[in-house]
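Residue strings, one per chain:
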Amino acid sequence: MTQPPIRVVGVAGAGQMGSGIAQVVAMAGYRTLLFDVSAAQLARAREGVAASLAKLVEKGKATAEGREQALARLDGVTDLAALHGADLVIEAAPEDLELKTGLWRALDPHCPHHTLFASNTSSLPIARMAAVTGRPDRVLGLHFFNPVPLMPLVEVVRTVATGEAAFARALAFARSLGKEVVAARDTPGFVVNRLLVPYLLDAVRAREAGLASTADLDAGMKLGAGHPMGPLALLDLIGLDTVVQVAEAMFTEFREPRFAPPPLLTRLVALGHLGRKSGRGFYDYAGAAPVPAELGL
């Protein structure tokens, strides 16, 4: 049976990732419904999207008219049932499987048969989410990267139950956003994090062991390997708590020591030193420019 085109997209979760996804979806011409239980969070998300679009206009990457049109297509809603008219719903909730499955379970009765469900998870099993719905053949992953408006990649993740038609629709949708697409299987970390996370954890272990200072470890990988950012600075950008969540999910699945979060990383998270978003991680962001944080090593 021919599926209707995707015209309306719901995004569940108005945090950093959700608002970024909503921005690129609205910029691509889709009516966009951004859901969050908090009206205050929705207001902050809209302000953030407006500021991001303004920066794109300043840099000549968008027009003022395009900015206004994108904002006009974006509506915030606090009632999950308001997503009933969406042809695609992208979930961008925190990395908590119980939270995500609860959201899909609640949303499933409100959406018509053709609606695709896509999770933005970077580590959790999408098949577990599909299992709580009445449409496992129409559930998959659309994993965007932060910051969503600037990062060119989307991983389209297929479970053992995802149907051919749903997978093809998701691929076409991701490409319609102007993104490059990588197809991946539903295993923790998918493609990018499966390769990236062990590298980041090894960098933490090297710092923990005193191999080199924070600045020298980062400089070594920037200047010696041609990376645009060192691993410890990248950890701060991603969020140390996010990396711990991804690593723990991968370790739970594979039981390989290389996926286990090092003690230094888990202790920084316990202290609330989460990286840029908290103002301190492997670097201290209190001043005009970041400086390596004192780690007591």
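Residues numbered from 1 in each chain as written. Predicted model: local features only at pLDDT ≥ 70, side-chain atom pairs only at ≥ 80, totals over all residues. Heavy atoms only, no water.

A.B. asks: Which residues make up the overall build of the chain, and what values go with them?
C.D. replies: Within the chain one finds eleven helices and ten strands. The C-alpha radius of gyration computed for the chain amounts to 20 Å, which stays within 12% of the reference 19 Å derived for 297 residues, consistent with globular compactness. If you line up the chain on its principal axes, its C-alpha atoms span 60 × 45 × 35 Å. In the chain, buried positions account for 46% of the 297 residues. For the chain, the proportion of contacts with a sequence separation of at least 24, taken over those separated by at least 6, is 65%. Counting only carbon and sulfur atoms, one obtains 57% of the accessible surface of the chain, whose full area is about 13700 Å². (Helix = DSSP H or I, 4+ residues; strand = E, 2+ residues; numbered from the N terminus. Rg over C-alpha atoms; globule rule 2.2 N^0.38 Å. Buried < 20%, exposed > 50% of the residue type's maximum accessible area, 1.4 Å probe, protein only. Contact = heavy atoms within 4.5 Å. Areas by Shrake-Rupley, 256 points an atom, 1.4 Å probe, with all protein chains shown as cover.)

A.B. asks: If you had to explain the packing of helix α7 (residues 192-208) against helix α9 (residues 231-238) to someone new, which residues and values would you point to?
C.D. replies: Where α7 contacts α9, the axes come no closer than 9 Å and their chain directions differ by 115 degrees. Two packed elements cross with a definite hand, and for α7 against α9 that hand is left-handed. Facing L196, Y199, L200, A203, V204 and R207 of α7, the residues of α9 in contact are P231, L232, L234, L235 and I238. Per-class residue counts for the contact of α7 with α9 are ten nonpolar, no polar and one charged. (Axes fitted to C-alpha atoms, helices over the stretch in contact; angles between N-to-C directions. Left-handed = near helix turned anticlockwise from the far one by under 90°. Nonpolar A, V, L, I, M, F, W, Y, C, P; charged D, E, K, R; others polar.)

A.B. asks: Which residues make up the packing of α9 against helix α10 (residues 240-254), and what values do they have?
C.D. replies: Running from amino to carboxyl end, α9 crosses α10 at an angle of 95 degrees, the nearest separation of the two axes being 6 Å. With respect to their mutual orientation, α9 and α10 come out roughly perpendicular. Mapping the contact onto sequence places L235, D236 and I238 in α9 and L240, T242 and V243 in α10. (Parallel < 35°, antiparallel > 145°, perpendicular 65-115°, else oblique.)

A.B. asks: Can you lay out the pattern of salt bridges for me, pointing to particular residues and giving the numbers?
C.D. replies: Enumeration according to the criterion identifies ten salt bridges in this entry. A salt bridge links K100 to E95, with the shortest nitrogen-to-oxygen separation between them at 3.4 Å. By relative accessible area, K100 is classed as buried at 0%. A salt bridge links D284 to R280; its shortest N-O distance comes to 3.2 Å. A residue is classified by how much of its surface remains accessible, and R280, at 24% relative accessible area, is partly exposed. Here the residues in one salt-bridge network are E91, E95 and K100, joined through shared partners. (Salt bridge = Lys/Arg side-chain N within 4 Å of Asp/Glu carboxyl O.)

A.B. asks: Can you lay out unusual backbone geometry for me, pointing to particular residues and giving the numbers?
C.D. replies: In the segment running from N146 into P147, the intervening peptide bond is cis, with an omega of 0 degrees. Position of P147 relative to the elements: it lies in the loop between β6 (139-144) and β7 (153-158). Its identity as a non-glycine residue notwithstanding, F190 has a phi of 55 degrees, on the positive side. With respect to the helices, strands and loops of the structure, F190 is situated in the loop between β8 (180-185) and α7.

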